[in-house]
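# Observations on the three-dimensional arrangement
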Amino acid sequence: MNDKQPIFDVDRILHEPARLMITTILYTAEEADFLFLLQQTGLTKGNLSAHLSKLEKEDYVEIEKTYRGKVPQTLCRLTKTGRKAFEDYRRQLNKILKEMK
Amino acid sequence: MNQENLNINEIMRNTKKYWYVDGLSELAGGVLIVMIGVTYYLSSLIPNVVVRSLMLGLGQPVIIIFGSVLIGKAVKKIKETLTYPRTGYLSFRRQKSKKVSRVLFIIIFAIAVSVMVGFVASNLPDQFIPLVVGLFMSILIIFIGYQNNVPRFYLIAVLTVGLGLLISLWYPEGVLPFVFMFVGSGILWLISGGWTLFNYLRNTNPVEVLDE
């Protein structure tokens with residue numbers, strides 16, 4: 001990491017507030033379904049879908065389409081890459097904020 | 001702690017809070033605590049000292065361990081039909097590698113609390129044991145409430161101390177202080193859980209099909 005401009009090295013995928021919120025929830029949990037994420041984040045269905053797709057594309061999130069009884073259910077969980085990215089992001093951000101003080 | 005970290009921590013605590021959103025775990029905990037109180041009462045009915053000691057020494061831990069497992073499974077099952085269709089499914093992360101150390105921590109914590117309660121109680125008249133038990137229970141309740149961002153637990157903690165104080169001032173004979181302490185605090189949990197469940201069911205509806 002470049003010490004002079006560390007802010008530019010922050011993970012841009014996670015730095016977006018909605019995606020950071022989704023990632024934080026999934027980091028705390030083992031897995032969550034679409035409905036839970038919708039309720040917790042307050043995002044619209046379209047917005048949540050778009051952010052999840054972006055996280056999935058980066059291999060941060062794993063999405064599984066399944067059924068709860070007869071009702072379709074979309075399960076989301078953080079991958080190892082996603083988990084590590086989140087931990088790195090927090091570490092990096094803490095470091096930046098400490099340096100700013 | 002910085003602001004960004006605070007927000008992330010807040011989201012984490014809010015996620016953990018979800019376990020308590022429907023009041024089911026409080027109802028389950030309440031049943032278990034009432035059962036502990038009932039074992040105190042039942043043990044007092046046994047005239048034989050050895051059998052009575054066995055019931056308290058072995059029966060109570062068995063009830064706590066098996067009761068927790070059974071109630072935990074029941075809560076999960078009920079959540080599947082009641083909670084998840086309404087506000088979504090969430091399963092919590094299990095750190096298998098830390099499972100043994102967690103169990104060890106709980107055992108050490110339980111021993112430490114027993115020793116502390118014993119130490120404090122030995123320096124006080126017997127009459128104040130319910131108050132001491134209430135205080136230690138409250139500390140644990142406040143800790144759980146803070147960890148999981150459930151403010152209503154603070155009220156339960158205050159009421160538990162109040163209950164301990166009331167029983168200490170009244171101080172009935174024999175095992176009754178323990179029976180009242182545990183049954184009373186169990187009822188507090190049942191009321192809190194019942195009220196939370198009532199509000200949860202009133203404010204939420206099952207989502208049948210979710211267009212994603």
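Presented here is a report on the structure given in the accompanying data block.

Rules behind the numbers
- Residue positions are given per chain, counting from 1 as you read along its sequence in written order.
- Lettering for chains starts from A, numbering for ligands starts from 1, and both go in the order in which the items are written.
- Predicted model: local features are reported for residues with pLDDT of at least 70 only, side-chain atom pairs are reported and counted for 80 or more only, and whole-chain, interface and lining totals are derived from all residues.
- The basis for the side-chain values is all heavy atoms of the structure; hydrogens and waters are excluded.
- Should any heavy atoms of two residues lie within 4.5 Å, those residues are considered in contact.
- By buried area we mean how much accessible surface two parts lose on assembly, using a 1.4 Å probe and totalling the loss over both.
- One side-chain nitrogen of Lys or Arg within 4 Å of one carboxyl oxygen of Asp or Glu is enough to make a salt bridge.
- Where helices and strands are cited, they refer to DSSP runs of H or I of at least four residues and of E of at least two residues respectively, numbered from the N terminus.
- Side-chain classes follow a simple rule in which Ala, Val, Leu, Ile, Met, Phe, Trp, Tyr, Cys and Pro form the nonpolar group, Asp, Glu, Lys and Arg form the charged group, and the remainder, Gly included, forms the polar group.
- Here, any two strands with at least 2 DSSP bridges between them count as paired.
- Relative accessibility under 20% of the residue-type maximum defines a buried residue, over 50% an exposed one, and the middle range a partly exposed one, all with a 1.4 Å probe and only protein chains included.
- Planes of paired rings set the category: under 30 degrees apart is stacked, over 60 is edge-to-face and the rest tilted, where pairs are Phe, Tyr or Trp rings (Trp by its six-membered ring) whose centres lie within 6.5 Å.
- Note on geometry: a ring has a charge over it if NZ (lysine) or CZ (arginine) is within 6 Å of the ring centre and within 35 degrees of the ring normal.
- Nine residue types can take part in a nonpolar core, namely buried Ala, Val, Leu, Ile, Met, Phe, Trp, Tyr and Cys, and a core is a set of them joined through side-chain atoms within 4.5 Å.
- The patch calculation keeps residues exceeding 30% relative accessible area without a salt bridge and links them within 9 Å when they carry like charges or within 5 Å when they are nonpolar (Val, Leu, Ile, Met, Phe, Trp, Tyr).
- Computed with the Shrake-Rupley method and a 1.4 Å probe, the accessible areas treat only the protein chains shown as cover for residues.
- To get an axis, a line is fitted to the C-alpha atoms, and for a helix only the part in contact is used. The angle between two axes follows their N-to-C directions and goes from 0 to 180 degrees.

### Section: the interface of chain B and chain A
Counting from both sides, the interface comprises 27 residues of chain B and, opposite them, 32 residues of chain A. Across the chain B/chain A interface, buried area totals approximately 2,700 Å², and carbon plus sulfur atoms make up 59% of it. In this assembly, chain B and chain A are joined by 0 salt bridges. Of all the secondary structure elements, the ones that give two or more residues to the side of chain B that touches chain A are helix H1 (3–17), helix H4 (84–87) and strand E1 (90–92) of chain B. It is H1 of chain B that contributes the most residues to the side of chain B that touches chain A, 9 residues altogether. Classifying every residue of the side of chain B that touches chain A by side-chain character gives 11 nonpolar, 8 polar and 8 charged. With 3 bridges connecting them, strand E1 (residues 29–33) of chain A and E1 of chain B associate as antiparallel partners.

### Regarding the pairing of E1 of chain A
Residues and elements named next belong to chain A. Burial analysis of E1 places 4 of its 5 residues in the buried class, which makes it a mostly covered element. Relative to strand E3 (residues 71–78), E1 runs antiparallel, the two being bridged by 2 bridges. Each residue of the ladder has a partner; that of Asp 33, found in E3, is Leu 75.

### Regarding the packing of aromatic side chains
Tallying each qualifying case throughout the model produces 10 aromatic pairs over all chains. Centroid distance Phe 36 of chain A to Tyr 18 of chain B: 4.5 Å. Interplanar angle 65 degrees. Geometry classified as edge-to-face. Placement of Phe 36 of chain A in helix H3 (residues 34–41) and of Tyr 18 of chain B in the loop between H1 and helix H2 (24–45) is noted, with the two residues assigned to different chains. As far as the burial class goes, Phe 36 of chain A and Tyr 18 of chain B line up, both buried. Ring centres 4.9 Å apart and planes at 90 degrees place the aromatic pair Tyr 84 of chain B and Tyr 89 of chain B in the edge-to-face group. Among the aromatic residues, those joined into a cluster by ring pairs are Tyr 20, Phe 153 and Trp 189 of chain B. One Lys or Arg, Lys 79 of chain B, reaches over the ring of Trp 19 of chain B and ends 4.6 Å from the middle of that ring.

### Focus: the nonpolar core
Ile 22, Leu 26, Leu 37, Leu 48 and Leu 52 of chain A are the most contacted members of the largest nonpolar core, which totals 33 residues. Those elements that place two or more of their residues in this core are helix H1 (12–15), helix H2 (17–28), E1, H3, helix H4 (45–57), E3 and helix H5 (80–100) of chain A together with H1 of chain B. Considering each element in turn, this core owes the most residues, 6 residues, to H2 of chain A. Ignoring anything within four residues of it in the chain, the contact list for Leu 37 of chain A reads Ile 22, Ile 25, Leu 26, Ala 32, Gly 42, Leu 48, Leu 52 and Cys 76 of chain A. Judged by nonpolar contacts, the second largest core, of 12 residues, contains Tyr 20, Val 150, Val 179 and Phe 182 of chain B.

### Notes on a nonpolar patch on the surface
All names here are of chain B. Nonpolar side chains collect at one region of the surface, where Val 38, Tyr 41, Leu 42 and Leu 45 lie side by side and expose about 350 Å² of accessible area between them. For Tyr 41, the position within the fold is in helix H2. Tyr 41 gets classed as partly exposed once you look at its relative accessible area, which sits at 40%.

### Quick look at the environment of Leu 45 of chain B
If you trace the backbone, Leu 45 of chain B turns up in helix H2. Each C-alpha atom of the pair Leu 45 of chain B and Ser 25 of chain B lies 31 Å from the other, and the pair is 20 residues apart in sequence.

### Digging into the pattern of salt bridges
Where charged atoms from two side chains of opposite charge approach closely, those side chains can pair. Summed over all chains, the structure comprises 9 salt bridges over all chains. A salt bridge links Asp 88 of chain A to Arg 91 of chain A, with the nearest nitrogen and oxygen atoms 3.0 Å apart. Note that Asp 88 of chain A and Arg 91 of chain A are positioned in helix H5 at a spacing of 3 residues, about one turn of the helix. For Arg 13 of chain B, the salt bridge goes to Glu 10 of chain B, with nearest N and O atoms at 3.3 Å. With Arg 13 of chain B and Glu 10 of chain B both in helix H1 and 3 residues apart, the pair spans about one turn of that helix.

### Regarding the sheet that holds E1 of chain B
Pairing in this open sheet of 4 strands is antiparallel, and the strands run E2(A)-E3(A)-E1(A)-E1(B) from one edge to the other. Lying at the two open borders of the sheet, with one neighbouring strand each, are strand E2 (61–68) of chain A together with E1 of chain B. Neighbour-to-neighbour, the strand axes of the sheet open up by a mean angle of 20 degrees, direction not taken into account. Contacting E1 and E3 of chain A together with E1 of chain B, H3 of chain A crosses the sheet at an angle of about 95 degrees to E1 of chain A.

### Observations concerning unusual backbone geometry
What is expected of a backbone is that most residues other than glycine have negative phi and most peptide bonds are trans. Of note, the phi angle at Asp 59 of chain A is positive, near 65 degrees, even though the residue is not glycine. On the basis of relative accessible area, Asp 59 of chain A is assigned to the partly exposed category, the value being 42%. At Asn 149 of chain B, a position not held by glycine, the phi torsion is positive, near 55 degrees. Within the secondary structure, Asn 149 of chain B is located in the loop between helix H6 (129–147) and helix H7 (152–170). Under the relative-accessibility criterion, Asn 149 of chain B is labelled buried at 13%.

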